[in-house]
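Structural features, examined
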Amino acid sequence: MPLVAGVDSSTQSCKVLVVDADTGDVVRRGRASHPDGTEIHPDRWWDALLTAVADAGGLDDVAAVSVGGQQHGMVALDDAREVVRPALLWNDTRSAPAAGDLTAELGGPEVWAREVGLVPVASFTITKLRWLADHEPEAAARTSSVCLPHDWLTWRLAGSPAEIVTDRSDASGTGYWSAATGSYRPDLLARALGHPAETPRVAAPDEVVGTGADRDWVLGAGCGDNAGAALGLGAGPGDVVVSLGTSGVVTAVSLVPAADASGAVAGFADASGHFLPLVATLNAAQVLDVTARLLGVDHAGLSDLALSAPPGSEGVVLVPYLQGERTPDRPDATGSFLGLTLAGTTPANLARAAVEGLWCGLADGLAALRAQGATVERVLLVGGAAASPAVRLIGAEVLGVTIDVPAPEEYVALGAARQAAWVLDPASGPPAWESGGATRHVPQTDAGPAVRARYAEARDLTLVRLTKR
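A brief look at the structure comes next. Values in this document were obtained by computation on a predicted structure and should not be read as measured data. (Residues numbered from 1 in each chain as written. Predicted model: local features only at pLDDT ≥ 70, side-chain atom pairs only at ≥ 80, totals over all residues. Heavy atoms only, no water.)

Focus: the overall build of the chain
What counts is decided by this rule: In this text, helices come from DSSP runs of H or I with a minimum length of four residues, and strands from runs of E with a minimum of two, each type numbered from the N-terminal end. All radius of gyration figures rest on C-alpha atoms, and the globule criterion is 2.2 Å times the number of residues raised to 0.38. Only protein chains enter the accessibility calculation, which uses a 1.4 Å probe. A residue is then buried if its area is under 20% of the maximum for its type, exposed if over 50%, and partly exposed in between. It only takes one pair of heavy atoms within 4.5 Å for two residues to be counted as in contact. A positive count includes Lys and Arg, and a negative count includes Asp and Glu. His and the chain ends are not counted in either. Taken as the charge location is NZ of Lys, CZ of Arg, CG of Asp or CD of Glu.
Secondary structure summary: the chain contains 15 helices and 24 strands in total. Its C-alpha atoms give the chain a radius of gyration of 22 Å, near enough to 23 Å, the size a compact globule of 469 residues would have. Seen through its C-alpha atoms, the chain measures out along the principal axes to roughly 70 × 55 × 35 Å. The buried share of the chain, reckoned over its 469 residues, is 57%. For the chain, the proportion of contacts with a sequence separation of at least 24, taken over those separated by at least 6, is 72%. Side-chain charges of the chain comprise 33 positive and 55 negative groups, with the mean position of each set lying 6 Å from the other.

And the structure:
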């Protein structure tokens with residue numbers, strides 16, 4: 001049985017899975033932490049990778065390796081391919097004004113959506129390049145090439161070859177590569193940075209892009225983290241992946257590229273040759289945290305309360321914009337309970353309203369994906385909040401679709417491992433690994449449309465209140 005290794009170099013840590021290439025079974029695993037903060041020298045990623053590899057028992061017996069990683073980070077390199085300054089991560093928001101400037105300079109969001117499939121926000125690499133040009137012009141002048149976190153790690157794993165490569169999934173989150181056309185927009189990069197710069201070659205998902213220095217394994221192109229998770233889950237066209245962490249992410253494997261001028265949907269590519277339109281919400285699992293604290297229960301108690309209430313929570317609605325919201329774009333919004341009555345204001349209804357509100361916010365994202373041509377036949381639910389029975393059951397009801405909850409796993413690293421197995425046998429396509437332990441939840445009632453309609457009324461009331469401030 002050949003072994004392959006998948007890496008997930010995320011914001012907080014580096015995870016390594018050593019996997020049986022034939023079955024997808026995890027044989028060994030390792031982990032190492034990354035420093036806190038929104039900027040980091042890439043050497044710290046390398047140190048963590050070496051530690052995680054050692055924790056996983058090394059790579060001497062593997063045949064292929066692939067790296068999945070956090071998207072959008074700016075790694076600026078000079079002529080000698082030395083790091084110019086610590087990398088700015090996706091969650092560094094100092095480039096928000098630059099995003100607004102770039103959007104206006106090109107003629108507005110409609111132009112950006114048409115040209116590269118997304119509208120600039122602070123997370124995207126292109127806005128960080130403009131920040132660099134504006135605030136650290138000497139560093140910007142030294143920058144002769146720009147790559148992403150997983151590109152840099154792949155380059156280091158291969159012993160620093162002449163070529164730095166990326167893949168289409170990660171390139172699609174830069175703001176200067178179009179998933180629709182499969183090509184860079186060097187003019188946009190130069191507009192942001194102030195001068196042209198070299199970019200990594202975009203490799204095919206089944207391509208060998210290098211070999212491990214002094215070792216007998218080959219390297220795949222790697223992928224961005226959301227694409228890696230979709231690949232690890234075996235998601236295909238018609239599948240939507242919902243990840244419920246502190247925030248929520250809704251992605252759809254689609255046959256058509258997205259170009260949403262509202263900015264709600266980012267037109268990313270996936271790691272298999274399709275597209276991966278993505279919607280991010282700011283409020284997800286933390287909605288459950290706050291409501292549980294409000295009611296004086298733990299998460300199991302919150303779930304029990306929510307499931308004891310009827311669909312629709314007897315008219316109680318939570319609009320869960322606890323820290324503003326990104327989808328829809330309401331950064332100054334606050335959360336609101338509406339529809340409170342003497343009879344209906346019970347702990348059970350408040351608990352269920354929290355879960356329904358969380359899912360209705362995600363349903364807005366799902367509607368935005370559908371508007372961009374994605375089909376929705378099944379939802380794959382991952383993340384910490386997926387452990388809640390109420391989240392699973394009420395989610396299926398609110399969305400009106402089947403929800404599958406796979407067994408907990410490091411799916412970004414597993415997706416990278418699946419790509420590594422793919423490059424060993426490109427003619428066969430991605431290996432068809434069986435995902436064990438998934439539970440399926442189907443809608444038990446047809447209450448979803450009414451719940452979503454009541455939520456939409458409450459959501460729009462909050463918009464009226466905001467516009468009157």
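Picking up where we left off.
Considerations on the packing of aromatic side chains
Our working rule: Stacked, tilted and edge-to-face are the three classes assigned to paired rings of Phe, Tyr and Trp, where Trp is represented by its six-membered ring and a pair needs centres within 6.5 Å; plane angles under 30 degrees give stacked, over 60 edge-to-face, the rest tilted. Look at NZ for Lys and CZ for Arg. If either is within 6 Å of the ring centre and within 35 degrees of the ring normal, a charge sits over the ring.
Going through the model one piece at a time under the given rule, you end up with two aromatic pairs. Consider the rings of phenylalanine 124 and phenylalanine 268, whose centres lie 6.2 Å apart with planes at 75°: the pair is edge-to-face. Here phenylalanine 124 is found in the loop between helix H3 (109-116) and helix H4 (125-135), whereas its partner phenylalanine 268 is found in strand S18 (residues 266-269), with 144 residues between them in sequence. One exposure class covers both phenylalanine 124 and phenylalanine 268, and it is buried. Measuring from ring centre to ring centre gives 6.3 Å for tyrosine 176 and tyrosine 184, while their planes differ by 25°; the resulting arrangement is stacked. Residue classification places tyrosine 176 among the buried positions, given a relative accessible area of 3%. Classification of tyrosine 184 by relative accessible area gives partly exposed; the value is 21%. The aromatic ring of tryptophan 46 is capped on one face by arginine 156, whose charged end is 4.4 Å from the ring centroid.

Focus: the sheet that holds strand S16 (residues 239-244)
Put simply, the rule is: One requirement defines pairing of two strands: DSSP has to find at least two bridges between them. Axes, fitted as lines to C-alpha atoms, cover a helix only where it is in contact. Angles between the N-to-C directions of the axes lie from 0 to 180 degrees.
Taken together, seven strands build an open sheet; the order of strands is S18-S19-S17-S16-S22-S23-S24 and the sheet is mixed. On the outer flanks of this sheet lie S18 and strand S24 (439-441), each paired with one strand and no other. Between one strand axis and the next, the sheet turns through 25° on average, direction left out of account. Here strand S22 (residues 378-382) runs beside strand S23 (residues 402-405); their pairing, made up of three bridges, is parallel. Each bridged residue has a counterpart across the sheet, and for arginine 378 the counterpart in S23 is threonine 402. Along the sheet, helix H9 (residues 225-233) makes contact with S16, strand S17 (248-252), S18, strand S19 (275-281) and S22, crossing S19 at roughly 115°.

Structural notes on the pattern of salt bridges
Note the cut-off: Any Lys or Arg side-chain nitrogen located within 4 Å of an Asp or Glu carboxyl oxygen qualifies as a salt bridge.
Inspection of the entire model under this criterion finds 27 salt bridges. Put simply, aspartate 270 and arginine 168 hold a salt bridge, and the shortest N to O gap is 3.6 Å. One end of the pair, aspartate 270, is in the loop between S18 and S19; the other, arginine 168, is in helix H7 (residues 168-171), with 102 residues separating them in the sequence. With respect to class, aspartate 270 is no different from arginine 168; both count as buried. A salt bridge links aspartate 187 to arginine 185; its shortest N-O distance comes to 2.7 Å. Connected via shared salt-bridge partners are Glu39, Arg85, Asp92, Arg94 and Glu136.

Here's the deal with the packing of helix H11 (residues 299-308) against helix H12 (residues 347-371)
Between two packed helices, the angle of one axis relative to the other and the distance separating the axes together describe the packing. Here is the rule we go by: Our angle categories are set so that under 35 degrees counts as roughly parallel, over 145 as roughly antiparallel, 65 to 115 as roughly perpendicular, and the remainder as oblique. Lys, Arg, Asp and Glu make up the charged group, whereas Ala, Val, Leu, Ile, Met, Phe, Trp, Tyr, Cys and Pro make up the nonpolar group; the residues left over, Gly among them, are polar.
Across the interface, H11 lies against H12 with an axial gap of 7 Å and an inter-helix angle of 100°. When the axis of H11 is compared with that of H12, the two are roughly perpendicular. For the pair H11 and H12, the contacting residues are Leu302, Leu305, Ala306, Leu307 and Ser308 in the first and Pro347, Ala348, Ala351, Arg352 and Val355 in the second. Broken down by class, the residue content of the contact of H11 with H12 amounts to eight nonpolar, one polar and one charged.

Regarding the nonpolar core
For clarity, the threshold we go by: Take the buried residues of types Ala, Val, Leu, Ile, Met, Phe, Trp, Tyr and Cys, join any two whose side-chain atoms come within 4.5 Å, and each joined set is a nonpolar core.
Val4, Ile126, Leu129 and Leu132 are the most contacted members of the largest nonpolar core, which has 56 residues in total. The leading source of residues in this core is helix H14 (residues 411-424), at eight residues. In this view, leucine 132 contacts Met74, Ala76, Arg85, Pro137, Ala139, Ala140, Thr143 and Leu193; residues no more than four positions away in its chain are not counted. Counting 54 residues, the second largest nonpolar core, distinct from the first, contains Ala306, Val391, Val398 and Ala447.

Here we look at the environment of alanine 158
Tracing the backbone shows alanine 158 in the loop between helix H6 (149-157) and strand S9 (165-167). Classification of alanine 158 by relative accessible area gives buried; the value is 15%. Note: C-alpha distance between alanine 158 and threonine 174 (16 residues apart in sequence) is 23 Å.

Describing unusual backbone geometry
The phi angle at histidine 72 is positive, at roughly 75°, despite the residue not being glycine. Summarising the element assignment, histidine 72 is placed in the loop between strand S5 (62-69) and strand S6 (75-77). Using a relative accessible area of 9% as the deciding quantity, one classes histidine 72 as buried. Although it is not a glycine, glutamate 314 sits at a positive phi angle of roughly 50°. Positionally, glutamate 314 belongs in the loop between H11 and strand S20 (317-319). Looking at glutamate 314, the relative accessible area reads 48%, which means it is partly exposed.

A few points about the pairing of S17
Most of S17 sits inside the fold, with five of its five residues counted as buried. Here S17 shows two buried faces, one formed by Gly248, Val250 and Ala252 and the other by Val249 and Thr251. Pairing analysis gives five bridges linking S16 to S17, with the strands arranged antiparallel. Paired with valine 241 across the two strands is threonine 251, which belongs to S17. The loop that links S16 with its antiparallel partner S17 comprises three residues.

Observations concerning the side chain of aspartate 270
Put simply, the test is: Two N or O atoms count as a polar contact when they lie within 3.5 Å, although within protein this holds only if one can serve as hydrogen donor and the other as acceptor, and sequence-adjacent residues are included solely when both atoms are side-chain atoms.
Since its relative accessible area comes to 3%, aspartate 270 is described here as buried. There is a polar contact of 2.7 Å between the side chain of aspartate 270 and the side chain of serine 272. Apart from residues lying up to four places away in sequence, aspartate 270 is in contact with Arg168, Ser169, Ala227, Val253, Phe275 and Leu276.

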